[in-house]
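Coordinate analysis (summary)
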Amino acid sequence: MNCKPIPTLDEHINDIRMRTAEIVNEEILPNEDRLWRSRQDGESMEHRREVLELRAAIKERVRRAGLWAPHLPKEYGGMGLDFLAHAYMNEVLAYAVGAASLFGVVAPNSGNQSILLKYGTEEQRRRWLVPLIEGTMESGFSMTEPETAGSDPRSLATTAARDGDEWVINGHKWFTSNGIDADFFIVMCRATDHGEDARAGEPMVQIIVPTATKGVEIVRGIGLFGQRESDHCEVRYDNVRVPIENALGKVGEGHQAAQDRLGAGRIYHCMNSVGQMWRAFDLMVERAGNREVHGGPLQEKQFVQGFIADSYVDIQAARLMTLHAAEKIDQGLAAARTDISAIKVFVPAAFTRVVDRAIQVWGAAGVSNDLPLSTMYLHARTLRIADGPDEVHRVLIAKNVLRQYASGVGWDFGN
Ligand SMILES: Cc1cc2nc3c(=O)[nH]c(=O)nc-3n(C[C@H](O)[C@H](O)[C@H](O)COP(=O)(O)OP(=O)(O)OC[C@H]3O[C@@H](n4cnc5c(N)ncnc54)[C@H](O)[C@@H]3O)c2cc1C
């Protein structure tokens, strides 16, 4: 990866970018095959152990370099970066497939960390957040259900009823990511008997549920795009009992907490997508220069030049929109709602287009598992649905814009 300091950027952020690039170039890219591709191939126990050791060694180097968990405050072992600085760092680290987890900022853990920080009690942070940051625990976020529309979370049917000092949870979820490895889930429930602290009309509550609790059944890892199994799990909750203090925040705050979580999660996805787009772009341009076809290299064909130009435009637009949204989040999450939705619509679609062109330039090799492009493509396509489908975000953008005009102010074009 060719990464140089950006002349207009703060020296501190450039330093972070350069040190990140060093680890990506020296440790992750040369080992990318071993680290990620082997997961699909039913590897041996010995190989698995070797991969785990390699991952641990890279994480250790990341920590020693002070580059662990850019999104978390320093007192919790993170870098304490604001969103803008994180966005600049992230486009560098996400150049390598799956590198985000080696820098401690991977969904769904990163989103769960942000709500544990915002809504968690001291005890909840000690018990769940600290191990999550240290990497000794894994987590999932369990909101979407097969029988209700995930686009409309207020319709969800999973219930939590209060019985003495316990919540009793019943429901059916799916697409709970990281479900196979998770030690606990944050489960979005409808509180049916919630005591006195409920806010009327919004009885949603998020509850921390250890996956080993009786009644939690991981039914399956759902197969995606023809793959047999993924870590996006179908989960049943059958009379699952957890202590009342496992509620995260107050009853009635569940919906807001989910929005806060998803707001951060959405921009992390977009930051990762930008890094991956640069990678796909590099692969495309490299192949266009090397591959001889019909009397000359591909890069001399205008169709291919069109792919390169359109991809450059897509990446720069996605990148600048993401940096802009990051700046807005730093001014407060509420101020950034429209821009978070805007990047959530634009970036995954641009990501899909860029990878699609890179695949085309590579021909058959592009769809093979020999290159990271096919994995990127599947991931890019799912992002147009995960964390809210495009249509929901378009509706939100239009509502916010129209509300602003209805108030007689109009849109602030400089903002
Ligand atoms: C790879 C992946 C990982 C995921 N990880 C998680 C996770 O960890 N935890 C979790 O809880 N969920 C997760 N999800 C689920 C995801 O958040 C939901 O799939 C998403 O919110 C949409 O819900 P749904 O699938 O029920 O679609 P539905 O709500 O049934 O919507 C179907 C389609 O209807 C259209 N639509 C919806 N609303 C409107 C509207 N107002 N106007 C016009 N059209 C509309 C959209 O095209 C949408 O795609 C994941 C999904 C994927 C694909």
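Residues numbered from 1 in each chain as written. Predicted model: local features only at pLDDT ≥ 70, side-chain atom pairs only at ≥ 80, totals over all residues.

Description of the overall build of the chain
The number of helices and strands found in the chain is 13 helices and 10 strands. At 22 Å, the chain has a C-alpha radius of gyration in line with the 22 Å of a compact globule built from 415 residues. Its C-alpha atoms give the chain principal-axis dimensions of about 75 × 65 × 40 Å. The burial tally for the chain puts 43% of its 415 residues in the buried class. Sequence separation of at least 24 residues holds for 70% of the intrachain contacts in the chain that already meet a minimum separation of 6. (Helix = DSSP H or I, 4+ residues; strand = E, 2+ residues; numbered from the N terminus. Rg over C-alpha atoms; globule rule 2.2 N^0.38 Å. Buried ≥ 20, exposed ≤ 12 C-beta atoms within 10 Å, placed from the backbone. Contact = placed C-beta atoms within 7 Å.)

What to know about the pairing of strand 5 (residues 204-210)
Counting buried positions along strand 5 gives six out of seven residues, so the element sits mostly inside the fold. Relative to strand 5, strand 4 (residues 184-193) runs antiparallel, the two being bridged by seven bridges. Note that in strand 5 the partner of C189 across the bridge is V205. (Pairing = 2+ DSSP bridges.)

Comments concerning the packing of helix 6 (residues 109-119) against helix 8 (residues 254-290)
At a minimum axis distance of 9 Å, the contact between helix 6 and helix 8 shows a crossing angle of 140°. One finds that helix 6 runs oblique with respect to helix 8. As for how helix 6 packs across helix 8, the hand of that crossing is right-handed. On helix 8, the residues touching S110, G111, S114, I115, K118 and Y119 of helix 6 are A257, D260, R261, L262, A264, G265 and Y268. In terms of residue class, the contact of helix 6 with helix 8 is made up of six nonpolar, four polar and three charged. (Axes fitted to C-alpha atoms, helices over the stretch in contact; angles between N-to-C directions. Parallel < 35°, antiparallel > 145°, perpendicular 65-115°, else oblique. Left-handed = near helix turned anticlockwise from the far one by under 90°. Nonpolar A, V, L, I, M, F, W, Y, C, P; charged D, E, K, R; others polar.)

Description of the site of the ligand
In the neighbourhood of the ligand, 21 residues make up the surrounding shell, with M143, A149, G150, S151 and S177 lying closest. Those elements that place two or more of their residues in the shell around the ligand are strand 1 (139-142), strand 3 (166-176) and helix 13 (390-406). With three residues, the top contributor of residues to the shell around the ligand is helix 13. When grouped by side-chain class, the residues that make up the shell around the ligand number 10 nonpolar, nine polar and two charged. For the shell around the ligand, the two domains that each supply at least three residues are domain 2 (139-248) and domain 3 (256-406). (Near = placed C-beta within 6 Å. Domains from an automatic or database assignment.)

Concerning unusual backbone geometry
Cis geometry marks the peptide bond from A107 to P108, where omega comes out at 0°. Inspection of the secondary structure puts P108 in the loop between helix 5 (99-102) and helix 6. Phi at A69 is positive, roughly 50°, even though this residue is not glycine. The topology assignment puts A69 in the loop between helix 3 (45-64) and helix 4 (83-93). Positive phi outside glycine occurs at H294, with the angle close to 45°. By the secondary structure assignment, H294 is in the loop between strand 9 (292-293) and strand 10 (296-297). According to the C-beta neighbour criterion, H294 is exposed, with 7 such atoms within 10 Å.

A word on the nonpolar core
If you look at the biggest cluster of nonpolar residues, it comprises 109 residues, and the most contacted ones within it are I207, V209, I267, A280, V355 and A358. The contacts of V209, once residues within four sequence positions are left out, are I169, F184, F185, V187, V216, V240, V242 and N246. (Core = buried A, V, L, I, M, F, W, Y, C linked by C-beta atoms within 7 Å.)

Concerning the packing of helix 4 against helix 8
Packing of helix 4 against helix 8 brings their axes to within 7 Å, and their N-to-C directions diverge by 35°. Crossing of helix 4 over helix 8 shows right-handed handedness. In this structure, helix 4 contributes F83, A87, N90, E91, V92 and L93 to the contact, and helix 8 contributes I267, M271, N272, V274, G275 and W278. Classifying every residue of the contact of helix 4 with helix 8 by side-chain character gives eight nonpolar, three polar and one charged.

Quick look at the domain arrangement of the chain
Under the domain assignment, the chain is made up of domain 1 (11-111), domain 2 (139-248) and domain 3 (256-406). Domain 1 and domain 3 are separated by 20 Å when their C-alpha centres are compared. Taken together, the 19 residues of domain 1 in the interface contact 24 residues of domain 3. Secondary-structure elements contributing two or more residues to the side of domain 1 that touches domain 3 are helix 4 and helix 6. Per-element accounting of the side of domain 1 that touches domain 3 gives the leading share, eight residues, to helix 4. The residue makeup of the side of domain 1 that touches domain 3, split by class, is 11 nonpolar, five polar and three charged.

A closer look at helix 10 (residues 337-362)
For an α-helix the count is 3.6 residues per turn, leaving residues at separations of three or four pointing the same way. Compared with an ideal rise of 1.5 Å per residue, which puts 26 residues at 38 Å, helix 10 spans 38 Å between its outermost C-alpha atoms and is within 8% of the ideal. Helix 10 sits mainly inside the fold: 22 of its 26 residues count as buried. Immediately beyond the C-terminal end of helix 10, within one or two residues, lies G363, with a positive phi of roughly 65°. (Expected span 1.5 Å × (residues − 1).)

A few points about helix 3
Between its first and last C-alpha, helix 3 extends 29 Å over 20 residues, near the 28 Å set by a 1.5 Å rise per residue. At the exit of helix 3 stands G66, carrying a positive phi of roughly 70°.

Quick look at the environment of G77
Tracing the backbone shows G77 in the loop between helix 3 and helix 4. Taking the C-beta count within 10 Å as the criterion, G77 has 16 such neighbours and is therefore assigned partly exposed. Taking the C-alpha atoms as reference points, G77 and L67, separated by 10 residues in sequence, lie 10.0 Å from one another. Leaving out residues up to four positions away in the same chain, G77 has contacts with W68, A69, L72 and I133.

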